[in-house]
Amino acid sequence: SQTIHQWPATLVQPVGSPLSLECTVEGTSNPNLYWYRQAAGRGLQLLFYSVGIGQISSEVPQNLSASRPQDRQFILSSKKLLLSDSGFYLCAWRDREGGNTIYFGEGSWLTVV
Amino acid sequence: AQTVTQSQPEMSVQEAETVTLSCTYDTSESNYYLFWYKQPPSRQMILVIRQEAYKQQNATENRFSVNFQKAAKSFSLKISDSQLGDTAMYFCAFMKPFFGNEKLTFGTGTRLTIIP
């Protein structure tokens, strides 16, 4: 069965510091991968999605970037965090071989101080 | 662009009762998918139920069922025999399928509290 893991689960970072959140999917090949952000008390906003290695599409211009160095690995990064980057970040995947459901990881809480 | 609207920010119901959460959406597409996700206090987003727009039959998953009204663009979630573990944020979501980069559009959520 397929599983998705992301880490770290919780992160407190000072303004101006770098960020790296990592996500991996097991049990599937060539998935679509997504990064969503959920600000406090709000819905989910799609940040990035990827349909293959090295292929990244950005939905919202911002201080963040994403990379997909391997088929089942998706990384969310920032060189210099802003206070507004605080939130709950969710990695998600979809099976491209006929799957029409997007499944989510456990999420990562980021607090920028 | 698609939009999803959940007009009930908060709801509460007694344990064992039935509750219905509302969702409406706006799209010009004829084929799409609709979802209800549950986000408990742990914050993990868990799939509750899925509906394909081309299917007339309403989806059911144990105590969870939907009332899908395609013409009205309405997609409500009914939870029967509610349990304390059903306490969570519930998000309605829309996905337009096409090869490659299917994306979910979420509503703003309904916070459901089950009262013991």
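Quick look at the structure, then. Keep in mind that this is a model prediction, so the values were computed, not measured. (Residues numbered from 1 in each chain as written. Chains lettered and ligands numbered in written order. Predicted model: local features only at pLDDT ≥ 70, side-chain atom pairs only at ≥ 80, totals over all residues. Heavy atoms only, no water.)

With respect to the sheet that holds strand E3 (residues 19-26) of chain A
Strands pair in a sheet through their backbones, by hydrogen bonds, and they do so in one of two ways: parallel or antiparallel.
All names here are of chain A.
Item 1. With antiparallel pairing, four strands are arranged side by side in an open sheet as E1-E3-E8-E7. Only two strands of the sheet have a single neighbouring strand rather than two, namely strand E1 (3-7) and strand E7 (65-70). Neighbouring strand axes in the sheet, compared pairwise and without regard to direction, differ in orientation by 20 degrees on average.
Item 2. Taken together, the six bridges between E3 and strand E8 (residues 73-78) define a ladder with antiparallel strand orientation. Within E8, the position partnered with Ser20 by the bridge is Ser77. (Pairing = 2+ DSSP bridges. Helix = DSSP H or I, 4+ residues; strand = E, 2+ residues; numbered from the N terminus. Axes fitted to C-alpha atoms, helices over the stretch in contact; angles between N-to-C directions.)

Description of the pairing of strand E11 (residues 108-112) of chain A
Regular strands have side chains that alternate between both faces of the sheet.
Residue and element names in this part refer to chain A.
Item 1. Only one face of E11 is covered, namely the one carrying Ser108, Leu110 and Val112; the face carrying Trp109 and Thr111 has none of its residues buried.
Item 2. Pairing geometry for strand E2 (residues 10-13) and E11, over four bridges, is parallel. Among the inter-strand pairings, Gln13 is bridged to a residue of E11, identified as Val112. (Buried < 20%, exposed > 50% of the residue type's maximum accessible area, 1.4 Å probe, protein only.)

A word on the packing of aromatic side chains
Residue and element names in this part refer to chain B.
Item 1. Counted under the stated rule, the structure contains 16 aromatic pairs over all chains.
Item 2. When the centroid spacing of 5.8 Å and the interplanar angle of 50 degrees are considered together, the rings of Tyr37 and Phe106 count as tilted. On the criterion of sequence distance, the pair formed by Tyr37 in strand E5 (residues 33-39) and Phe106 in strand E11 (residues 104-106) is long-range, its members being 69 residues apart.
Item 3. Take Tyr37: its relative accessible area is 1%, and that puts it in the buried class. (Phe/Tyr/Trp six-rings, centres within 6.5 Å; stacked < 30°, edge-to-face > 60°.)

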